[in-house]
Amino acid sequence: MEYPGNLFVVSAPSGTGKSSLVKALLELDSHLQVSVSHTTRSPRGQEQHGREYWFTAMEEFQSMIARGDFFEYAEVHGNFYGTSRQAIEERIKGGEDVVLEIDWQGALQIKKIFPTAILIFILPPSYEELLQRLNRRGEDSADVIEVRMQNARIEVAQAQHFDFVVINALFETALFDLKAIVHAQRLKYAAQRRNKSTVFQALNLV
Ligand code: 5GP
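Calculation criteria
Numbering of residues starts from 1 in each chain and follows the order in which that chain's sequence is written. Only residues with pLDDT of at least 70 are given local features in this predicted model, and only at 80 or more are side-chain atom pairs given and counted; all residues enter the totals for whole chains, interfaces and linings. For side-chain calculations, the full set of non-hydrogen atoms in the structure is used, while hydrogens and water are omitted. In this description a helix means any DSSP run of H or I spanning at least four residues, a strand means any run of E spanning at least two, and both kinds are numbered starting from the N terminus. Values of the radius of gyration come from C-alpha atoms, whereas the globule rule sets the reference at 2.2 Å times the count of residues to the power 0.38. Buried, partly exposed and exposed residues are distinguished by accessible area as a fraction of the type maximum, computed with a 1.4 Å probe on protein chains only: under 20%, between the cut-offs, and over 50%, respectively. The contact definition used throughout considers only heavy atoms, calling two residues in contact when any of these lie within 4.5 Å. Per-residue accessibility takes into account occlusion by the displayed protein chains alone, with areas from the Shrake-Rupley method and a 1.4 Å probe. Only heavy atoms are used to decide nearness, and a residue is near a molecule or strand if one of them lies within 4 Å of it. Any pair of nitrogen or oxygen atoms within 3.5 Å is treated as a polar contact; in protein, a donor-acceptor pairing is required on top of that, and neighbouring residues in sequence qualify only through side-chain atoms on both sides. Only Asp, Glu, Lys and Arg are considered charged, only Ala, Val, Leu, Ile, Met, Phe, Trp, Tyr, Cys and Pro nonpolar, and every remaining residue, Gly among them, polar. Paired strands are those between which DSSP finds at least two bridges. For every element, the axis is a line fit to its C-alpha atoms; helices are fit only across the contacting stretch, and the angle between N-to-C directions ranges from 0 to 180 degrees. Between 65 and 115 degrees an angle is taken as roughly perpendicular, under 35 as roughly parallel, over 145 as roughly antiparallel, and anywhere else as oblique. Helix crossings get a hand from a simple test, with the near helix turned counterclockwise from the far one by less than a right angle marking a left-handed crossing and a clockwise turn marking a right-handed one.

Caption draft 1: Focus on the overall build of the chain. Helix and strand counts for the chain come out as nine helices and nine strands. Its C-alpha atoms give the chain a radius of gyration of 18 Å, within 12% of the compact-globule value 17 Å for 206 residues. Along the longest, intermediate and shortest principal axes, the C-alpha atoms of the chain span 65 × 40 × 30 Å. Of all 206 residues assigned to the chain, the portion counted as buried reaches 41%. Of all intrachain contacts in the chain linking residues separated by at least 6 positions in sequence, the fraction that spans at least 24 positions is 66%. Summed over its atoms, the accessible surface of the chain is roughly 11500 Å², and 52% of this surface lies on carbon and sulfur atoms.

What follows is the structure, encoded as structure tokens:
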């Protein structure tokens, strides 16, 4: 599958700052769109159906799996999450760049069916710092934080399978790195030929 749009897949252990980084990236780059996933978990706080997630009952989620509606899906922290095929394919075929914020299992599934996807792993600077961030966030109980820290070690070990690694020690530096990755994809020959066709024609480049 060679589509004109780029598919960026961002994964990170919980508490690394992935959501804040992706949010800042989207605010800076109007050509990037985020794909809203389906999940069987309940909404938290101010979350809205169709904005953070499509909140979906387990039965419906299973029907979607059976129909082959998902590009990928995975069980994460006891709930199911999935990316709908339609949401991504239409946009990338239309030349849009799409960002997926999903767990490592989903990212590796995407890479198998869509090898041109760009996989980005965000690492915390250390486990000590990750623990401090999870505690500071104040969202989770001590038990949940302990499980997240155990999972973090398994997740971090997957970074080796990703194309790019961004270390979120300083937010602004990590954001700069993310922007650089997105920008570099847009400078690839095929992308430049598509987007700068007049220049290419003037230079007799095919
Ligand atoms: P949360 O419940 O905190 O919003 O998300 C839990 C985890 O599920 C995060 O690592 C998040 O990136 C991941 N996630 C969210 N949407 C998807 C999805 O569509 N597919 C997969 N595989 N993981 C997802």
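Don't stop here, the text continues.
Caption draft 2: How the structure looks around the site of the ligand. Near the ligand, the surroundings consist of 15 residues, among which Lys18, Ser37, Arg41, Tyr53 and Tyr81 are the closest. Here Thr83 contributes a side-chain N or O atom positioned 3.2 Å from an oxygen atom of the ligand. In isolation the ligand offers 510 Å² of accessible surface; the protein chains occlude 89% of this area. Of the residues in the shell around the ligand, the class split is five nonpolar, four polar and six charged.

Caption draft 3: Spatial organisation of the sheet that holds strand 9 (residues 164-167). Strand order in the open sheet made by the five strands is 2-7-1-8-9, with parallel pairing throughout. Two strands in the sheet have a free side with no partner beyond their single neighbour: strand 2 (32-34) and strand 9. The average angle at which neighbouring strand axes cross in this sheet is 25°, direction not considered. Across four bridges, strand 8 (residues 118-123) lies against strand 9 in parallel orientation.

Caption draft 4: Representation of the sheet that holds strand 4 (residues 53-55). Spatial ordering of the open sheet is given by 4-3-6-5, a layout of four strands whose pairing is mixed. On the outer flanks of this sheet lie strand 4 and strand 5 (70-76), each paired with one strand and no other. Adjacent strand axes in the sheet meet at a mean angle of 25° when their direction is disregarded. Across the sheet, helix 3 (residues 85-93) lies against strand 5 and strand 6 (79-84), angled at about 30° from strand 6, the strand it touches most.

Caption draft 5: Spatial organisation of the pairing of strand 1 (residues 7-11). With five of its five residues buried, strand 1 lies for the most part within the structure. Side chains Leu7, Val9 and Ser11 project from strand 1 onto one buried face, and the interleaved Phe8 and Val10 project onto a second face that is buried too. As judged from the four bridges shared by strand 1 and strand 8, these two strands associate in the parallel manner. Directly across from Ser11, in strand 8, lies its bridge partner Phe121.

Caption draft 6: Up close: the packing of helix 1 (residues 18-28) against helix 7 (residues 171-186). Between helix 1 and helix 7, the least distance of the axes is 10 Å, while the angle of their chain directions is 55°. The pairing of helix 1 with helix 7 is recorded here as oblique in orientation. For the pair helix 1 and helix 7, the sense of crossing is right-handed. Where helix 1 abuts helix 7, its residues Ser20, Leu21, Ala24, Leu25 and Leu28 lie against Phe171, Ala174, Leu175, Leu178, Lys179 and Val182. Looking at the contact of helix 1 with helix 7 residue by residue, the class counts come to nine nonpolar, one polar and one charged.

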